[in-house]
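So the chains spell out like this:
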Amino acid sequence: MLLFAAVPIIAGPTANLPGALLFGWFLLTLGWIDYFTLRLPDKLTGPLLACGLANHITMGGLGAALYEGMLGAISGGALLALVRYLFQRIKGYEGMGGGDVKLLAALGAWLGWQPLPALCFGASLCGLTVYAFSGRKREKIPFGPCLGLAGWVIYISP
């Protein structure tokens, strides 16, 4: 609740509060589901992507803002799909699920393409921290909550 209350304080009074709340609730729900089930359902990642593109339309029209969202979705999804493919090709087993790819595409739709490197770096640091403090009790670490946290921080930061 404190994170949602922080939106107008951190992002300022001009922030798109309904969009920020919708974005945050999607990320919170997806992170919760992924943490307990290691799954990111398409029934939530798809609408999150669509809402991200719609948010660009409502905030900036059909021009450059929508282009930024589409480019972010395509490049985010393609980037993580490539990492997923290369890992599987080199190691011989799947190291990341397809839901993570779709979640990064949805985050790209919300944030655009420019913050994607910072988002991936932040999510990776979060994942490494979770792994370090897990004591290796879990064989698989959910990456969705890490992506969601990094995406939320970038979205509300000025």
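Under an unreviewed UniProt entry, the chain has the name A24 family peptidase and belongs to Acerihabitans sp. KWT182.

## Let's talk about the overall build of the chain
Looking only at helices and strands, one finds seven helices and zero strands in the chain. Order of helices (α) and strands (β) in the chain, N terminus to C terminus: α-α-α-α-α-α-α. When each of the 158 residues of the chain is scored for burial, the buried share is 38%. Within the chain, counting contacts between residues at least 6 apart in sequence, those at least 24 apart form 67% of the total.

## Observations regarding the UniProt feature "transmembrane region" (unreviewed entry) in the chain
The sites that carry the UniProt feature "transmembrane region" (unreviewed entry) are, in the present numbering, residues 65-87 and 107-133. Annotated as residues 65-87, this span is 100% helix and 0% strand, and its ends, taken at the C-alpha atoms, are 33 Å apart. Between the end C-alpha atoms of residues 107-133 the distance is 26 Å, and the span holds 85% helix and 0% strand.

## Comments concerning the nonpolar core
One finds F23, L48, L103, L104, L107, L147 and Y155 to be the most contacted residues of the largest nonpolar core, which totals 28 residues. Elements represented by at least two residues in this core include exactly α2 (17-37), α5 (98-111), α6 (116-134) and α7 (144-156). Examining the composition of this core, we find that seven residues originate from one element, α5, more than from any other. Other than its neighbours up to four places away in sequence, L104 contacts G76, L79, L80, L116, L119, C120 and L147.

## A short note on the packing of aromatic side chains
To describe a pair of aromatic rings, one takes the distance between the centres and the angle between the planes. According to the stated counting rule, one finds eight aromatic pairs in the structure shown. Connected via pairs of aromatic rings, a cluster forms that spans F23, W110, W152 and Y155.

## A few points about the packing of α2 against α7
At a minimum axis separation of 8 Å, α2 and α7 run at an interaxial angle of 165°. As judged from the angle between their axes, α2 and α7 are roughly antiparallel. In the crossing of α2 with α7, the sense of the turn from one axis to the other is left-handed. For the pair α2 and α7, contact is made by G19, A20, F23, G24, L27, G31, D34 and Y35 and by G144, P145, G148, G151, W152 and Y155, respectively. A breakdown of the residues in the contact of α2 with α7 according to their chemical character gives seven nonpolar, six polar and one charged.

## Structural notes on helix α4 (residues 64-91)
Compared with the 40 Å implied by 1.5 Å per residue over 28 residues, the 40 Å span of α4 between its first and last C-alpha is a close match. Within α4, burial applies to L66, G69, G72, A73, G76, G77 and L80. In the stretch just after α4, G92 is the one whose phi turns positive, near 90°.

## Re the environment of A54
Following the sequence through the fold, A54 ends up in helix α3 (residues 42-60). Along the chain, A54 and A109 lie 55 residues apart, while their C-alpha atoms are 9.2 Å from each other.

## Quick word on the packing of α2 against α5
At their nearest, the axes of α2 and α5 sit 12 Å apart, and the two run at 170° to each other. On the basis of the axis angle, α2 is roughly antiparallel to α5. Residues G19, F23, L27, L30 and D34 of α2 touch α5, and the partners they reach there are D100, L103, L107 and W110. Here the contact of α2 with α5 is composed, by residue class, of six nonpolar, one polar and two charged.

Rules used throughout
- Residues numbered from 1 in each chain as written.
- Predicted model: local features only at pLDDT ≥ 70, side-chain atom pairs only at ≥ 80, totals over all residues.
- Heavy atoms only, no water.
- Helix = DSSP H or I, 4+ residues; strand = E, 2+ residues; numbered from the N terminus.
- Buried < 20%, exposed > 50% of the residue type's maximum accessible area, 1.4 Å probe, protein only.
- Contact = heavy atoms within 4.5 Å.
- UniProt positions renumbered as here; feature names shortened; annotations may be inferred.
- Core = buried A, V, L, I, M, F, W, Y, C linked by side-chain atoms within 4.5 Å.
- Phe/Tyr/Trp six-rings, centres within 6.5 Å; stacked < 30°, edge-to-face > 60°.
- Axes fitted to C-alpha atoms, helices over the stretch in contact; angles between N-to-C directions.
- Parallel < 35°, antiparallel > 145°, perpendicular 65-115°, else oblique.
- Left-handed = near helix turned anticlockwise from the far one by under 90°.
- Nonpolar A, V, L, I, M, F, W, Y, C, P; charged D, E, K, R; others polar.
- Expected span 1.5 Å × (residues − 1).

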